[in-house]
Amino acid sequence: MTPTQKQAFFDASGMHASGLTFDIRLIAGGVALICALIILVGLMHYLHSDAVWDKHIFVVSIFALAFVLMMIFIYIA
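Model, not experiment: these values are computed from the prediction. The residue numbers shown here count from 1 along each chain, following its written sequence. In keeping with the predicted nature of the model, local features appear solely for residues at pLDDT of at least 70, side-chain atom pairs appear and are counted solely at 80 or more, and the whole-chain, interface and lining totals rest on all residues. Each side-chain value is derived from all of the structure's non-hydrogen atoms; neither hydrogens nor water enter the calculation.

So, the environment of L69
Here L69 is to be found in helix α3 (residues 52–76). The buried label applies to any residue whose accessible area, calculated with a 1.4 Å probe on protein chains only, is under 20% of its type's maximum; exposed applies above 50%, and partly exposed to all values in between. Judged by its relative accessible area of 16%, L69 is buried. Between the C-alpha atoms of L69 and A32, which are 37 residues apart in sequence, the distance is 7.1 Å. Dropping the residues within four chain positions of it, L69 is found in contact with A32 and A36. Only runs of H or I of at least four residues qualify as helices and only runs of E of at least two qualify as strands under DSSP, and these elements are numbered from the N terminus. Only heavy atoms enter the contact rule, under which two residues are in contact if any of them lie within 4.5 Å.

In structure tokens, the structure reads:
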């Protein structure tokens, strides 16, 4: 992108941030998503168990993960 296009993008997006701040927020969001996917893959072994307790742990963990991601994205925004 040319500097003029970059400035037009920042002006149109309504972000009151410089390019560096935008890049840091974008990287933090990406890292949060990648970590969430890794955690989700780690939690998948609870679904292969026959115990009801493990399935409850999985559901509670999914809700906790969603809550933490929501808080991270609210803070980034």
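From this point on, the discussion continues.
Quick notes on the environment of A36
By the secondary structure assignment, A36 is in helix α2 (residues 19–43). Linking A36 and L65, residues 29 residues apart in sequence, is a C-alpha distance of 7.1 Å. Every residue in contact with A36, bar those within four places of it in the chain, is listed here: L65 and L69.

Remarks on the confidence of the model for the protein chain
Confidence in the prediction for the protein chain averages 87 pLDDT; 92% of positions are at 70 or higher. Per-residue pLDDT, averaged within each element of the protein chain, yields its smallest value for helix α1 (residues 3–13) (80) and its largest for α3 (93). Residue-level confidence of the predictor is what pLDDT reports, using numbers from 0 through 100.

Description of the side chain of S49
Counting through the fold element by element, S49 comes out in the loop between α2 and α3. For the purposes of these results, a polar contact is taken to be a pair of N or O atoms within 3.5 Å, where, inside protein, one atom must be able to donate a hydrogen and its partner to accept one; residues adjacent in sequence count only when each atom of the pair is a side-chain atom. At 3.2 Å, the side chain of S49 and the backbone nitrogen of A51 are in polar contact. Once residues within four sequence positions are removed from consideration, S49 is found in contact with D54 and K55.

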